[in-house]
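Read off the chains here:
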Amino acid sequence: MNSGVAVGYYRWRICALLFFATAINYIDRQVLGILAPQLQAELHWSDSHYGLIVTAFQVAYAIGFLFMGKIMDNYGSRRGYAFAVLVWSIAAVVHAGARTAVGFGVARFALGLGEAGNFPAAVKVVAEWFPIKERSLATGIFLSGSSIGAIVAPLVVPVIAIRYGWEWAFVLTGLSGIVWLVFWLATYRPVNVHPKVSAAELAYIQSDPPEPTHDIPWRQLFKYKQTWAFAWAKFLSDPIFSFYFFFLPKFFNSQFGLTLDKIGVPIMIIYVMSDVGSMVGGWLSSFLIRRGWSVARSRKVTMLLAAFTVTPVYFASQTDDLQVAVALIGLALFAHQAWSANLLTLPSDMFPRHAVGSAVGIGSTVGAIGGMFGATTAGFLLESTHAYGPLFVVAGSAYLLAWIILHLLTPELKVSLADKDIIL
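**Student:** How would you summarise helix α11 (residues 264-290) if you had to cite specific residues and measurements?
**Tutor:** The α-helix advances 3.6 residues per turn, and as a result positions three or four apart in sequence lie on the same side. Look at α11: 39 Å from first C-alpha to last across 27 residues, which is about the 39 Å you get at 1.5 Å a residue. Gly-292 sits one or two positions beyond α11 and adopts a positive phi of about 105°.

**Student:** Which residues make up the packing of helix α2 (residues 10-43) against helix α3 (residues 47-75), and what are the values?
**Tutor:** Helix-helix packing is characterised by the crossing angle of the two axes and by the distance between the axes. Viewed as axis vectors pointing N to C, α2 and α3 meet at an angle of 165°, and their least axial separation amounts to 11 Å. It follows from the interaxial angle that α2 and α3 lie roughly antiparallel. Judged by the twist between their axes, the crossing of α2 over α3 is right-handed. On the side of α2, the interface is formed by Arg-29, Leu-32, Gly-33, Ala-36 and Gln-40, while α3 contributes Asp-47, Tyr-50, Ile-53, Phe-57 and Tyr-61. When its residues are assigned to classes, the contact of α2 with α3 shows six nonpolar, two polar and two charged.

**Student:** Tell me what's going on with the nonpolar core, and back it up with residues and numbers.
**Tutor:** Core analysis: the largest hydrophobic core is formed by 128 residues, its most contacted members being Phe-104, Trp-129, Tyr-244, Phe-252, Ile-329 and Trp-339. Here this core takes 16 residues from α2, the largest share from any one element. Apart from the residues lying within four places of it in its own chain, the contact partners of Phe-104 are Leu-32, Leu-39, Leu-43, Trp-45, Ile-53, His-95, Ala-98, Arg-99, Trp-166 and Phe-170.

**Student:** Lay out a nonpolar patch on the surface with the relevant residues and their values.
**Tutor:** On the surface, a nonpolar cluster with roughly 760 Å² of combined accessible area is contributed by Leu-86, Ile-90, Val-94, Tyr-164, Trp-168, Leu-172, Leu-175 and Ile-178. Elements with a contribution of two residues or more to the nonpolar patch: α4 (77-94) and α8 (166-187). Examining the composition of the nonpolar patch, we find that four residues originate from one element, α8, more than from any other. Tracing the chain through its elements places Tyr-164 in helix α7 (residues 132-164).

**Student:** So what about the pattern of salt bridges? Which residues, and what values?
**Tutor:** The full count for this structure, using the stated rule, is eight salt bridges. A salt bridge links Arg-11 to Glu-134, with the nearest nitrogen and oxygen atoms 3.0 Å apart. You can see Arg-11 sitting in helix α2 and its partner Glu-134 sitting in helix α7, a full 123 residues away along the chain. Here the two residues Arg-11 and Glu-134 agree in accessibility, since each one is buried. The salt bridge partner of Glu-115 is Arg-29, with a shortest N-O separation of 2.8 Å. Highlighted residues: Glu-115 in helix α5 (residues 101-115) and Arg-29 in helix α2, separated in sequence by 86 residues. Note on accessibility: Glu-115 and Arg-29 belong to one class, buried. Connected through salt bridges with shared partners, the residues Arg-11, Glu-134 and Glu-201 form a single ionic network.

**Student:** Which residues make up the environment of Gly-174, and what values do they have?
**Tutor:** Residue position: Gly-174 is located in helix α8. Gly-174 sits 149 residues away from Asn-25 along the chain, and the two C-alpha atoms are 9.2 Å apart. Contacts of Gly-174, omitting those with residues within four sequence positions, involve Asp-28, Ser-89, Ala-92 and Val-93.

**Student:** Please give an account of α5 that cites residues and values.
**Tutor:** Between its first and last C-alpha, α5 extends 20 Å over 15 residues, near the 21 Å set by a 1.5 Å rise per residue. Taken as a whole, α5 has its buried residues at Phe-104, Gly-105, Ala-107, Arg-108, Leu-111, Gly-112, Gly-114 and Glu-115. Those residues of α5 that are buried are in contact with α2, α3, α4, α6 (118-129), α8 and α10 (225-256).

**Student:** Give a description of empty space enclosed by the protein that names residues and reports values.
**Tutor:** All told, the structure shown has two cavities of 30 Å³ or more when counted by the stated rule. Its boundaries defined by the atoms lining it, the largest cavity holds a volume of some 250 Å³. Lining the largest cavity are 22 residues, and of these Tyr-26, Phe-119, Lys-234, Asp-238 and Phe-241 lie nearest its centre. Counting only elements with at least two residues in the lining of the largest cavity, the list comes to α2, α3, α10, α13 (322-343) and α15 (353-385). No other element matches the six residues that α10 contributes to the lining of the largest cavity. Grouping the constituent residues of the lining of the largest cavity by class yields twelve nonpolar, seven polar and three charged.

**Student:** Let's hear about the side chain of Thr-22: which residues, and what values?
**Tutor:** Considering the arrangement of structural elements, one finds Thr-22 in helix α2. With sequence-adjacent residues up to four places away left out, Thr-22 is seen in contact with Asn-118, Phe-119, Phe-142, Leu-143, Gly-145 and Ser-146.

**Student:** Lay out the packing of aromatic side chains in plain terms, naming residues and giving numbers.
**Tutor:** One pass over the full model with this rule turns up 29 aromatic pairs. The interplanar angle of 90° and the centroid separation of 6.1 Å between the aromatic rings of Trp-166 and Phe-170 together place this pair among those described as edge-to-face. Placement of both Trp-166 and Phe-170 in helix α8 is noted, with a separation of four residues, approximately one turn of the helix. Classification of Trp-166 by relative accessible area gives buried; the value is 3%. The exposure class of Phe-170 is buried, given its relative accessible area of 1%. An aromatic cluster is present here, built from Phe-243, Tyr-244, Phe-251, Phe-252, Phe-256, Tyr-388 and Phe-392 joined pairwise through their rings. A cation over a ring is seen here: Lys-234 above Phe-119, with NZ or CZ 5.9 Å from the ring centre. We note Arg-297 situated over the ring of Trp-293; from NZ or CZ to the ring centre the distance is 3.7 Å.

Conventions we followed
Residues numbered from 1 in each chain as written. Predicted model: local features only at pLDDT ≥ 70, side-chain atom pairs only at ≥ 80, totals over all residues. Heavy atoms only, no water. Helix = DSSP H or I, 4+ residues; strand = E, 2+ residues; numbered from the N terminus. Expected span 1.5 Å × (residues − 1). Axes fitted to C-alpha atoms, helices over the stretch in contact; angles between N-to-C directions. Parallel < 35°, antiparallel > 145°, perpendicular 65-115°, else oblique. Left-handed = near helix turned anticlockwise from the far one by under 90°. Contact = heavy atoms within 4.5 Å. Nonpolar A, V, L, I, M, F, W, Y, C, P; charged D, E, K, R; others polar. Core = buried A, V, L, I, M, F, W, Y, C linked by side-chain atoms within 4.5 Å. Buried < 20%, exposed > 50% of the residue type's maximum accessible area, 1.4 Å probe, protein only. Patch = residues over 30% accessible without salt bridge, like charges linked within 9 Å, V, L, I, M, F, W, Y side chains within 5 Å. Areas by Shrake-Rupley, 256 points an atom, 1.4 Å probe, with all protein chains shown as cover. Salt bridge = Lys/Arg side-chain N within 4 Å of Asp/Glu carboxyl O. 1 Å grid on protein atoms, 1.4 Å probe; cavity = no way out; pocket = protein on both sides within 12 Å on 5 of 7 lines; lining within 4 Å. Points joined across faces, edges and corners; volume = space filled by probe spheres on them. Phe/Tyr/Trp six-rings, centres within 6.5 Å; stacked < 30°, edge-to-face > 60°. Lys NZ or Arg CZ within 6 Å of the ring centre and 35° of its normal.

What follows is the structure, encoded as structure tokens:
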């Protein structure tokens, strides 16, 4: 069956919950970046202080992925996701009580631990609720929540901060996760026992070849090239999105003089383009699979197109025209999300469902380590050179390098099993 209407659509409701969780995740982490110019002036941070605060988040993010992925596989998506959202929501609210760089660093560390659970949980849920031919589209949809969060935050956070104080920006955005948690616990059950999933939809979801039921030990995942292909691609591309996410408000402030009350529209345009990219990237590889292409060819061609599309972003650091800079950065984030929609789908292509969360956690830990060093390097580099050009050179070239490594490690996508590989 090819029609979602014919077999039911409850799986898309679950995808909607993943979308909103991801949006909240990115709203909560972006509040600090939006308020950075104000907080730096009010609390007397240097650029290196800010870089280290961001690094505290990245360190925790890296640590968190290792155990959060395992939690999702061991305790299931329902309880594991709920735990992660509860931790990061409380941590987001705690920011309101911080007054020093150290205090913010501690709050960011706690936020990173909780937020590390989002992608292992979401990718695992997609693997459980969608057949292979729909997974990249579903991933693109929930991943677009990151762009929506990045759009909503610069529109809402400045209003809250200006009217009520920056503390309330952290409190109100943090509480949104608690609201989501109520809906998640009321709605989600495993697909096999969910009372609102029809027999026809369940058969469609489970229409791929059967997977083995025996466990793959967590440590055994480290021996597979597939794990390291995903990990290296994350290591090279994740820091780029982190750079945009945490440093764009500062870039527009220093390069174009945009203040807190004027930063919203440029960032909104950029992340609208990013949002479209996640949808297009997820749709394209799913479309190619339906047209008869192999899974490997569909994913890799889409990712290669995205890698080439990023390259002009360097010129954003060289132009004096705000509109040109916005267009170039928006195009780069369009391509990044198209890339990520497929990259995040690869673990569900290459590992059995019961190991997907752990595989995502391991690879994402490596990606977070890249983001950690990237944020620190960016902060110190800006403080010493006051130039964004070198950072944009890296941002424009990292994806092509990541694609080459990914292809060399996995010329063909294979499902890694305990005793054999299945070529897709």
